[in-house]
Amino acid sequence: MSHLPNLDTLDADGALRDGAESVGLDRSAFLKRGAVAGGGLIVGSGMFGAFLSSAEAAISTTKKSAKNDAKILNYALTLEYLEAAFYNQAVANAAYGNNPALKTFAETVAQHETAHVKFLKGALKSAAVKSPTFDFGDTVTDQAKFAATAQVLEDTGVSAYLGQVKNVFVPGTLAAAATIATVEARHAAWIRFINAKDLPAPASFDVPKSEKAILKAVGATGFIK
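Conventions we followed
Residues numbered from 1 in each chain as written. Predicted model: local features only at pLDDT ≥ 70, side-chain atom pairs only at ≥ 80, totals over all residues. Heavy atoms only, no water. Helix = DSSP H or I, 4+ residues; strand = E, 2+ residues; numbered from the N terminus. Expected span 1.5 Å × (residues − 1). Buried < 20%, exposed > 50% of the residue type's maximum accessible area, 1.4 Å probe, protein only. Phe/Tyr/Trp six-rings, centres within 6.5 Å; stacked < 30°, edge-to-face > 60°. Contact = heavy atoms within 4.5 Å. Axes fitted to C-alpha atoms, helices over the stretch in contact; angles between N-to-C directions. Parallel < 35°, antiparallel > 145°, perpendicular 65-115°, else oblique. Left-handed = near helix turned anticlockwise from the far one by under 90°. Nonpolar A, V, L, I, M, F, W, Y, C, P; charged D, E, K, R; others polar. Salt bridge = Lys/Arg side-chain N within 4 Å of Asp/Glu carboxyl O. Core = buried A, V, L, I, M, F, W, Y, C linked by side-chain atoms within 4.5 Å.

Peer 1: Break down helix H5 (residues 66-92) for me, citing the residues and quoting the values.
Peer 2: The end-to-end C-alpha distance of H5 is 38 Å, a good match for the 39 Å that 27 residues give at a rise of 1.5 Å each. Burial within H5 is extensive, with 19 of its 27 residues counted as buried. Two residues or fewer after H5 comes Ala94, characterised by a positive phi angle close to 50°.

This is how it looks when you write it as structure tokens:
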């Protein structure tokens, strides 16, 4: 991995490491996952935030309503667009390499994330936001980078869903989101088990993250063009 960029150069102000901490990675663990740095994961923190700025600004944490629920679902949909595209491209490129466990994970999760997108678009109907264009670099072609990136994305997804629970107004919205959130948690445990670097269930409780924290973390990817 000596050819990979130095994290201190890419993250001079520490914002990316702060973002990693916001999804449950301590700084030492983040540094150890330097493989992610070479695949475009650490680039352009403003891109994701710019795409989601309308949804982020509209989600109220104090005034619940059906309209606010639609904003929350669009926030979730955008994350699902990202994950679905990531896994489908990884499968198309056989990024799992010669690892049969990683292959099963990638193919299964690609199907799940595609189904999540379809489900959320169906719930939102004409109010659904459109998918942006993605460039995942070699995180969807290199086995080590794919596995490391998948873990970060899955941990992020769990925190994102959990962070919006308190803001949901309509019980049906909460029930629908919960059926996805629990699957995302299973994905996170699954890839952690495959990577064998961290415990599948590292803590007694998950920590909810606000959309601001999630946008900061995911914005650091530079995946959205």
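Peer 1: I'd like to hear about the packing of aromatic side chains, residue by residue, with values.
Peer 2: Under the defined criterion, the tally for this structure stands at 7 aromatic pairs. Judged by centre distance (5.1 Å) and plane angle (90°), the ring pair of Phe105 and Trp190 falls under edge-to-face. Here Phe105, found in helix H6 (residues 100-124), pairs with Trp190, found in helix H8 (residues 171-195); they are 85 residues apart in sequence, far enough to count as distant. Ring centres 5.4 Å apart and planes at 10° place the aromatic pair Phe134 and Phe136 in the stacked group. Grouping residues by exposure puts Phe134 and Phe136 together as buried.

Peer 1: With reference to specific residues and values, describe the environment of Pro132.
Peer 2: Structurally, the position occupied by Pro132 is in the loop between H6 and helix H7 (143-164). Assessed through its relative accessible area of 14%, Pro132 is described here as buried. Residues Pro132 and Thr78, spaced 54 residues apart in sequence, show a C-alpha to C-alpha distance of 8.5 Å.

Peer 1: So what about H8? Which residues, and what values?
Peer 2: A turn of α-helix holds 3.6 residues, and therefore any two residues three or four places apart point the same way. In this model, H8 (25 residues) spans 36 Å end to end at C-alpha, consistent with the 36 Å of a helix rising 1.5 Å per residue. Among the residues of H8, Thr173, Ala177, Ile180, Val183, Glu184, His187, Ala188, Ile191, Arg192, Ile194 and Asn195 are the ones counted as buried. Buried residues in H8 make contact with H5, H6 and H7. Count one or two residues on from H8 and you reach Ala196, which has phi positive near 55°.

Peer 1: Any details on the packing of H5 against H8? Residues and values, ideally.
Peer 2: Running from N to C, H5 and H8 cross one another at 25°; their axes reach a closest spacing of 11 Å. Classified by the interaxial angle, the pair formed by H5 and H8 is roughly parallel. Taken as a pair, H5 and H8 cross one another with a handedness that is left-handed. From H5, Asp69, Leu73, Glu80 and Glu83 reach across to H8, where they touch Thr173, Ile180 and Glu184. Grouping the constituent residues of the contact of H5 with H8 by class yields 2 nonpolar, 1 polar and 4 charged.

Peer 1: I'd like a rundown of the pattern of salt bridges, residues and numbers included.
Peer 2: Inspection of the entire model under this criterion finds 3 salt bridges. Here Lys103 and Glu107 are joined by a salt bridge, their closest N and O atoms 2.8 Å apart. On the criterion of helical spacing, the pair formed by Lys103 and Glu107 is a turn pair, its members being 4 residues apart in helix H6. Looking at Glu107, the relative accessible area reads 30%, which means it is partly exposed. A salt bridge links Lys145 to Asp138; the nearest nitrogen and oxygen atoms lie 2.8 Å apart. For Lys145, a relative accessible area of 4% translates into the label buried.

Peer 1: If you had to explain the nonpolar core to someone new, which residues and values would you point to?
Peer 2: If you look at the biggest cluster of nonpolar residues, it comprises 34 residues, and the most contacted ones within it are Phe86, Tyr87, Leu102, Phe105, Phe136 and Phe146. Counting residues per element, the ones that place at least two in this core are H5, H6, H7 and H8. The element contributing the most residues to this core is H5, with 10 residues. In this structure Leu102 touches Tyr96, Gln143, Phe146, Ala147, Ile191 and Ile194, once residues within four positions along its chain are discounted. Ranked by size, the runner-up nonpolar core spans 8 residues in total, among them Tyr75, Leu79, Val168 and Leu215.

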